[in-house]
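Coordinates in review
Now for the letters of each chain:
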Amino acid sequence: MQALVTKTAETTAPGELLSGKTNLIGMPFERLEGFLQSLGLPKFRAKQVWHWLYVRGLREFDGMDNIGKPMRELLKDNACIERPTVTDDQLSADGTRKWLFQYSDGREVETVFIPEAERGTLCISSQVGCTLACTFCHTGTQRLVRNLNAAEIVGQYLMARDILGEVSRDERKITNIVFMGMGEPLFNYDAVTQAGAILTDQNGIDLSRRKVTVSTSGVVPDMRRLTDETGLALAVSLHACNDTLRNEIVPINRKYPLRELIDAMRYYSEKNPSRRILVEYVMLQEVNDTPEHAAEMIALLKDMPVKINLIPFNPWPGSPYERSSNNRIHRFAKLLQDAGLSTPIRKTRGDDILAACGQLKSLSERGAREKVKLH
Ligand code: SF4
């Protein structure tokens, strides 16, 4: 049996548990096998535990009824099944639901569920805050506190699944996952891909790898790595189609300019010929929404298999931009569509619940919880 060490928040590494027990959530399957073996348990038990954790969603060892009591006691002494707790839960009139989840060190992130007719998308966070400072993004105004570990990322999914009342993989409420919450996922590559492997494992949660999308602002080297090492889907936060404007809106462009970004997208497309890359483009009034900007986008993307999501900007207090008018958005979309680019316009969702990414967390930090709770 492992010695239990008393820890304080100061001595605990990010994601490590104050209890000193090992959190089984987020551990790759092979490591779970090794952990159980280190406790003297046979390797085959890992498959059973994995099923309980991810298919049945158990939070206590007591419910694992194909595992004998002495073994469960051993697990209880040495391991735990830890998930974040809910510190805020808001439901929009349009069904969008936003949670603030808190981890054992008190840090909080946002997770958003967006129900649509054909699917349910969970937008999850990969970092607490963000080092990048995209000027349209509220999270960009918050400093980076730390990366999340795989357990904390998968924990957002498990919590959302439970709260939404999803009881089986045959009747999913969450069909798609997008890493579009707080943080740049490719700056937390190892934890994000480890979480991706767990979310798509066929003996567990079993989401299709096509339906787990990593969205990047353009971390070019890790886009190539993601392409080579995972089968996950790719989205790119583009938001501008010339370097001068993109340097301003998405500052990582100064390090990895558009030419390099487009090369990395091409690389992904060559390796995944049947897939389209999702391109996100936030519509900022008179900043990136003119016919000239549309022409630039057409020139940049016309030969690439992409789907372009035009996102009406979600203003937040102090934001330097305004949302493009509907007329300007439709004019922009029509120009792209006429050039043969797939361009649905994303409806704004959850306007009534502080839907701009990072807003809920800021409000929580200010201690000014003027909730707009609708349920
Ligand atoms: S858009 Fe993404 S990468 Fe840019 S500041 Fe916001 S969270 Fe960070």
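Residues numbered from 1 in each chain as written. Predicted model: local features only at pLDDT ≥ 70, side-chain atom pairs only at ≥ 80, totals over all residues.

**Quick notes on the overall build of the protein**
Formally: Every helix listed is a DSSP run of H or I at least four residues long, and every strand listed is a run of E at least two residues long, numbered separately from the N terminus. With C-beta atoms placed from the backbone, the exposure class of a residue follows from how many other C-beta atoms lie within 10 Å of its own: 20 or more, buried; 12 or fewer, exposed; in between, partly exposed. This entry defines residue contacts through backbone-placed C-beta atoms, with two residues in contact when those atoms are within 7 Å.
The helix and strand tally for the protein stands at eleven helices and 13 strands. Across the 375 residues in the protein, those meeting the buried criterion constitute 42%. Restricting the contact set of the protein to residue pairs at least 6 apart, pairs at least 24 apart contribute 66%.

**A word on the pairing of strand β5 (residues 108-115)**
Using the following cut-off: Strands pair, by our definition, only if DSSP identifies at least two bridges between them.
The element β5 is largely enclosed, with a buried count of seven among its eight residues. In this sheet, β5 lies alongside strand β4 (residues 97-102) in antiparallel orientation, the contact comprising six bridges. Residue pairing in the sheet places W99 in a bridge with T111 of β5. In this structure, the hairpin formed by β4 and β5 is closed by a connection of five residues, where G106 is found at a positive phi of approximately 90°. Sheet topology note: the β5/strand β6 (residues 120-123) ladder contains four bridges and is antiparallel.

**Brief notes about unusual backbone geometry**
Although it is not a glycine, D206 sits at a positive phi angle of roughly 65°. In this fold, D206 is placed in the loop between α5 (189-199) and β10 (212-216). Unusually for a residue other than glycine, H239 sits at a positive phi of about 65°. Tracing the sequence through the fold places H239 in the loop between β11 (233-237) and α7 (243-249).

**Section: the site of the ligand**
How we decide: We call a residue near a molecule or strand when its C-beta atom, built from the backbone, sits within 6 Å of it. All residues other than Ala, Val, Leu, Ile, Met, Phe, Trp, Tyr, Cys, Pro, Asp, Glu, Lys and Arg, Gly among them, are scored as polar; the first ten of these are nonpolar and the last four charged.
In the vicinity of the ligand, the residues found are C130, L132, A133, C134, C137, T139, G140, M182, G183, E184, S217 and S237. Here the shell around the ligand is built from residues that sort into six nonpolar, five polar and one charged.

Functional significance is not addressed by these values, which are geometric in nature.
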